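Structural overview for review
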Amino acid sequence: MNDKRPTNRPPAIDDRDTGPAGRAPTVADVLALPVLSAGRPEVVTGVAHLDRPVRWVHITELTDPASFLKGGELVLTTGMPLPEDPAGVRRYVDELARVEAAALVIELVRRYHRPPDALVQACRARGLPLITLAQDVNFLEVTQVVHALILGSQAEAMRRTQRIHEAFTALTLRGAGPEDVVRVAAQLSGHTVVLENLVHQALTYEVSGSTLEEALTDWEQRSRATPTGDHPGVDGPEGWLTAPVEYQGERWGRVAMLPVRAGEPAFGPEHITVLERTAMALAVARLIHPTPWERTAHRDALRDLAEQRHHSPEDARARFAALGLPTEDSRFLAILVDLGTADLRAADLRTSAIPTSDLGTSDSDEAVVLETRLSQETRAAGIPALVGELAPGRLGILLALRPSQPWRPVAEQLGRAARDVASTAVVSVGSEVTDLRDTARSFRAAARVAEATPPGQPLPPDRSFHELPDIGLRRLLYAFREDARIQEYAERRLSPLIDHDTRHGTDLLTTLRHYLDAAGNKTTTARRGGLSRETVYQRLRTIERLLACDLESGEERTELHVALTALDILRGRP
């Protein structure tokens, strides 16, 4: 007959917590109190509903107690007024269930020594928890203890609500951005919080109680299945708590709070308060921070990807897919655009189709215009891509290309667009990869190209970008010009010659350069230097003596050529 045996009675208060502070105590919490556990309570029916909140305790010996109830009450009775006939018992229970009483507690001391079958069947049919007490309990003391607990939880709830308001007020006063607002919302609620735009792209998030992969996988599909009302509310197959976010009177997006486990009721008034204040703080932050948040999301995502900050490849794929970038059946290419001197053409600012509201205030106009222009180019070409500033003066682009789509025409289009906006921009292309997890390698390759590209480096014919095959010895040494070992090597190999030229006013270093450039041809060396062959022979013998080398040795000529090239680079010689 019973759902639970006596051995499964609720534990004593020392064995379990009565619930989080600020939350109304549940039926299970109340049964764990010493004042009730002393009566040896036994749950007869409704074990699955012991998580119902208890909003008050009502002692009754009436046959129709429901008329005095408002819902959520724990009803205590000795069973004396219980009807004799099964129909009357069913009516008694039906009325309690209709007003949504939390549970019925009956004492088995005076009238009954076991619960009537009709009562058990009626409570089971209506899902009403029925608890029996095997020993006498002071009902008045129960009401005093539980009411004190309820009032204390209400006071704590008020204090927590006040702390929520204070936290978001502080965020607003210090001009916090969306990342800070979402982070605080997740911390206060203990749930994952995600900010998305109207096309269901997850721009900012803070994960709590789950992984990034679990939170963002198939984000757009899951988000579209969850409608948004005009006010905070729970909806959708997963039971998301959502609230609209507005900007200048129009809906801009929404903020979603995810349950810890899908389908599990997890949100109460406090969570709604957090989400309401989150939406309000985001609306204010949108006014304070005019840079489009999509752009900020792309920047942050690209930086994390290039620097390999994601915990796992699955997290990275979920995040970029949630931003609208295809992560499966695609080839990826990283491109870096480095701005040279500030030479943004005035015509670009006057005639650009870029809205002035998109320019923002925290970045240079040149970088903002270029970033927006490149985003427009990828969209116009129908190429999924993320564009964002990786560092001051450096933009990053991540292309997601179809397997059959060649990358060179795309890179050429973007390179021309970049140089159209900033004529000194240096466009460096990385290596193509087939998995998102390898895109950091593509960014590193592009960075190596950029490091090996001096200002003013001529572009290859019919090309607007640089790539790894373009890097020869001179550009490789340029990339390592700040390495002390390169500096020491050039100084060690050539300083005797340089010192001799300085002391004697000679120009043996130039003769050596002509000789090495002529691949050891003395006639060509003499012609380039405007010298006689005899003078060249004499100078070469002096160079061999000073450098203690054999200029007829191909290996030593190579070593000197490397040293001389490094010296030219260190001196800034083209």
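Residues numbered from 1 in each chain as written. Predicted model: local features only at pLDDT ≥ 70, side-chain atom pairs only at ≥ 80, totals over all residues. Heavy atoms only, no water.

1. Side note on the overall build of the protein chain
From N to C terminus, the protein chain includes 21 helices and 14 strands. Since a compact globule built from 574 residues should have a radius of gyration of about 25 Å, the 38 Å found for the protein chain marks it as more spread out than a globular shape. Once the C-alpha set of the protein chain is aligned to its principal axes, its extents read approximately 135 × 55 × 45 Å. When the 574 residues of the protein chain are sorted by exposure, 48% land in the buried category. (Helix = DSSP H or I, 4+ residues; strand = E, 2+ residues; numbered from the N terminus. Rg over C-alpha atoms; globule rule 2.2 N^0.38 Å. Buried < 20%, exposed > 50% of the residue type's maximum accessible area, 1.4 Å probe, protein only.)

2. A word on helix α19 (residues 522–529)
Along α19, the residues classified as buried are T524, T525 and A526. On the buried face of α19, the contacting elements are α18 (508–517) and α20 (533–547). A distance of 3.1 Å separates the backbone nitrogen of T523 from a side-chain oxygen at the start of α19, and that oxygen is part of N521. Downstream of α19 by one or two residues, G530 has phi in the positive range, about 65°. (Contact = heavy atoms within 4.5 Å. Polar contact = N/O pair within 3.5 Å; in protein donor to acceptor, adjacent residues only side chain to side chain.)

3. A closer look at the packing of aromatic side chains
One pass over the structure, following the stated rule, counts 3 aromatic pairs. Seen from their ring centres, W219 and W240 are 4.8 Å apart, and the 20° between their planes marks the pair as stacked. Taken as a pair, W219 in helix α8 (residues 219–224) and W240 in strand β9 (residues 240–247) lie far apart in primary sequence, 21 residues in all. Using a relative accessible area of 2% as the deciding quantity, one classes W219 as buried. For the ring pair W252 and W293, a centre distance of 5.2 Å and an interplane angle of 80° mean the geometry is edge-to-face. Of this pair, W252 sits in strand β10 (residues 250–258) while W293 sits in helix α10 (residues 293–306), placing them 41 residues apart in sequence. Exposure class is identical for W252 and W293. Each is buried. The residue whose ring lies beneath R286 is Y247, and the NZ or CZ to ring-centre distance is 4.3 Å. Between the NZ or CZ atom of R286 and the centre of the ring of W293, over which it lies, the distance is 5.5 Å. (Phe/Tyr/Trp six-rings, centres within 6.5 Å; stacked < 30°, edge-to-face > 60°. Lys NZ or Arg CZ within 6 Å of the ring centre and 35° of its normal.)

4. Concerning unusual backbone geometry
With a phi angle near 55°, D218 is a residue other than glycine that sits in the positive phi range. Its location among the elements puts D218 in the loop between α7 (212–216) and α8. The residue A519 is not glycine, and still its phi comes out positive at about 60°. Tracing the chain through its elements places A519 in the loop between α18 and α19. Judged by relative accessible area, which is 59%, A519 ranks as exposed.

5. Notes on the packing of α18 against α19
Any two packed helices are characterised by the angle at which their axes cross and by the distance between the axes. Look at α18 against α19: their axes get within 8 Å of each other, and the N-to-C directions meet at 135°. As the angle between them shows, α18 and α19 are arranged oblique. Viewed along their axes, α18 and α19 form a crossing whose handedness is right-handed. Taken together, the residues of α19 that come into contact with α18 (itself represented by T511, H514, Y515 and D517) are K522, T525, R528 and G529. A per-class count over the contact of α18 with α19 returns 1 nonpolar, 4 polar and 3 charged. (Axes fitted to C-alpha atoms, helices over the stretch in contact; angles between N-to-C directions. Parallel < 35°, antiparallel > 145°, perpendicular 65-115°, else oblique. Left-handed = near helix turned anticlockwise from the far one by under 90°. Nonpolar A, V, L, I, M, F, W, Y, C, P; charged D, E, K, R; others polar.)

6. With respect to a nonpolar patch on the surface
On the surface, a nonpolar cluster with roughly 240 Å² of combined accessible area is contributed by V284, L287 and I288. Residue position: V284 is located in helix α9 (residues 269–288). (Patch = residues over 30% accessible without salt bridge, like charges linked within 9 Å, V, L, I, M, F, W, Y side chains within 5 Å. Areas by Shrake-Rupley, 256 points an atom, 1.4 Å probe, with all protein chains shown as cover. Salt bridge = Lys/Arg side-chain N within 4 Å of Asp/Glu carboxyl O.)

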